[in-house]
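Below are the chains, spelled out letter by letter.
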Amino acid sequence: MPRGLRTRFAPAPTGFLHLGHVANAAVTWRVARATGGSVVLRIEDHDRQRCRPVLETALLDDIEALGFVPDEPTLGSLRAGGPSAYRQSDNGASYETAVVLLDRVAAVYACDCSRTTFARWAAGHGHAWSGPGCPGGCATRRLDREARGVTWRVALGDGEEPWTDLVLGERAGTPSAGGDLPIRDRHGNWTYALCVVVDDLRHEIDLVIRGEDLVEATPAQVRLARLLGRVTPPRFLHHPLIRRPDGRKLSKADGATGIREPLAAGTSPSDLRRLAAEAIASA
Ligand code: GLU
């Protein structure tokens, strides 16, 4: 394991912390502490319709209650309420600047394809859309980017992107596996993919520790970072997910997997961190 890397814990305040987050945080802090690295905490509230300030407060409370201490920023500075470099909704200018850069090196275009457009295309062809573009051929239609309800996509191009995964080994994949990458959704929110890549760049993250459900998103993120000037991709560590008994991944809707109840019932924070880490080790 390389030493002295900067990693991050990046929850979205769309619900309460659940056991899956605790497992991710436990691995993140354990790896950072064992290798002389550091942990940046980032509030990923890019989705303005789904995120709530009260849920950010709850996240901070739960992170503190569990004993996870970020190296940057302090929990107090996030609680203070002023703008923070570590909260996505305060950093719109960074995402706007990224689009200006992307405009110079790639096609950023408005797309009016909906999920139904993709579903109809898949039904007609017997397989899902894959590769660059979108079913509506929007890259060449020159739709107005400022029109209401359009998604912005960036053409990431062909070929493969390789990356080093500290669990899965040397990996590579196609950046446009599901079409050109959405960077702004039809409600005007910057997307997770754009924000996470811009933020990992500006926070100088060189180790991304997250669940294996994001393996397939990785080639697009590596290519997007390259278009934004990143020469060496971060290293990745994709760990197994805690699954429900029926095999599905935990979600914020799974109230029973929250952490407040076990803490209130007397489970110690260190036992909860250990249980969560063991659950992914045995997954
Ligand atoms: N906010 C994302 C999530 O909670 C972070 C994913 C990532 O680590 O890239 O799923």
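Here is a short report on the structure shown in this document. (Residues numbered from 1 in each chain as written. Predicted model: local features only at pLDDT ≥ 70, side-chain atom pairs only at ≥ 80, totals over all residues. Heavy atoms only, no water.)

With respect to the helices, strands and loops of the structure, Glu96 is situated in helix 4 (residues 92–105). Each C-alpha atom of the pair Glu96 and Trp190 lies 9.1 Å from the other, and the pair is 94 residues apart in sequence. (Helix = DSSP H or I, 4+ residues; strand = E, 2+ residues; numbered from the N terminus.)

Quick look at unusual backbone geometry now. Here Glu72 and Pro73 are connected by a cis peptide whose omega angle stands at -20°. With respect to the element layout, Pro73 can be found in the loop between helix 2 (53–65) and helix 3 (75–79). A positive phi angle, near 55°, is found at Glu204, a position not held by glycine. By secondary structure assignment, the location of Glu204 is in the loop between helix 6 (192–202) and strand 8 (207–211). Take Glu204: its relative accessible area is 56%, and that puts it in the exposed class. (Buried < 20%, exposed > 50% of the residue type's maximum accessible area, 1.4 Å probe, protein only.)

Another point: the packing of aromatic side chains. Overall, the coordinates contain five aromatic pairs when judged by the stated rule. When the ring of Trp163 is compared with that of Phe236, the centres are 6.3 Å apart and the planes differ by 70°; the resulting orientation is edge-to-face. Of this pair, Trp163 sits in strand 5 (residues 161–165) while Phe236 sits in strand 9 (residues 235–239); the two residues are 73 residues apart in sequence, bridging distant segments of the chain. The exposure class of Trp163 is buried, given its relative accessible area of 4%. Feature note: the residues Phe9, Trp29 and Phe68 constitute an aromatic cluster, connected by ring pairs. (Phe/Tyr/Trp six-rings, centres within 6.5 Å; stacked < 30°, edge-to-face > 60°.)

Turning our attention to the pattern of salt bridges. A full pass over the atoms with the stated rule returns 21 salt bridges. A salt bridge links Glu56 to Arg87; the shortest N-O distance between them is 2.8 Å. On the criterion of sequence distance, the pair formed by Glu56 in helix 2 and Arg87 in the loop between helix 3 and helix 4 is long-range, its members being 31 residues apart. Linking Arg223 and Glu161 is a salt bridge whose minimum nitrogen-to-oxygen distance equals 2.6 Å. Separated by 62 residues along the polypeptide, Arg223 in helix 7 (residues 218–227) and Glu161 in strand 5 bring together distant segments of the chain. Grouping residues by exposure puts Arg223 and Glu161 together as buried. (Salt bridge = Lys/Arg side-chain N within 4 Å of Asp/Glu carboxyl O.)

Moving on, we come to the sheet that holds strand 3 (residues 108–111). Pairing in this open sheet of three strands is antiparallel, and the strands run 3-4-7 from one edge to the other. Because the sheet does not close on itself, it has two edges, and the strands there are strand 3 and strand 7 (181–184). Between one strand axis and the next, the sheet turns by 45° as a mean value, whatever way the strands run. In this sheet, strand 7 lies alongside strand 4 (residues 151–154) in antiparallel orientation, the contact comprising three bridges. (Pairing = 2+ DSSP bridges. Axes fitted to C-alpha atoms, helices over the stretch in contact; angles between N-to-C directions.)

In the neighbourhood of the ligand, the contacting residues comprise Arg8, Ala10, Glu44, Tyr192, Val196, Arg210 and Leu214. In the model, a nitrogen atom of the ligand is placed 2.6 Å from a nitrogen or oxygen of the Glu44 side chain. Between an oxygen atom of the ligand and a side-chain N or O atom of Tyr192, the distance comes to 2.7 Å. When isolated, the ligand has an accessible area of 300 Å², and the protein chains bury 75% of it. Of the residues that constitute the shell around the ligand, the class distribution is four nonpolar, no polar and three charged. (Near = heavy atom within 4 Å. Polar contact = N/O pair within 3.5 Å; in protein donor to acceptor, adjacent residues only side chain to side chain. Areas by Shrake-Rupley, 256 points an atom, 1.4 Å probe, with all protein chains shown as cover. Nonpolar A, V, L, I, M, F, W, Y, C, P; charged D, E, K, R; others polar.)

Of all hydrophobic cores here, the largest spans 39 residues; its most connected members are Phe9, Leu17, Leu41, Ile63, Leu66 and Phe68. Secondary-structure elements contributing two or more residues to this core are helix 1 (19–34), strand 2 (38–41), helix 2, helix 3, strand 8, strand 9 and helix 9 (269–281). With eight residues, the top contributor of residues to this core is helix 1. When neighbours within four sequence positions are excluded, Leu17 is seen to be in contact with Phe9, Leu59, Asp62, Ile63, Leu66, Gly258 and Ile259. Grouped together as the second largest cluster of nonpolar side chains are 24 residues, Tyr95, Leu194, Val196 and Ala225 included. (Core = buried A, V, L, I, M, F, W, Y, C linked by side-chain atoms within 4.5 Å. Contact = heavy atoms within 4.5 Å.)

These results come straight from atomic positions and should not be treated as a statement about function.
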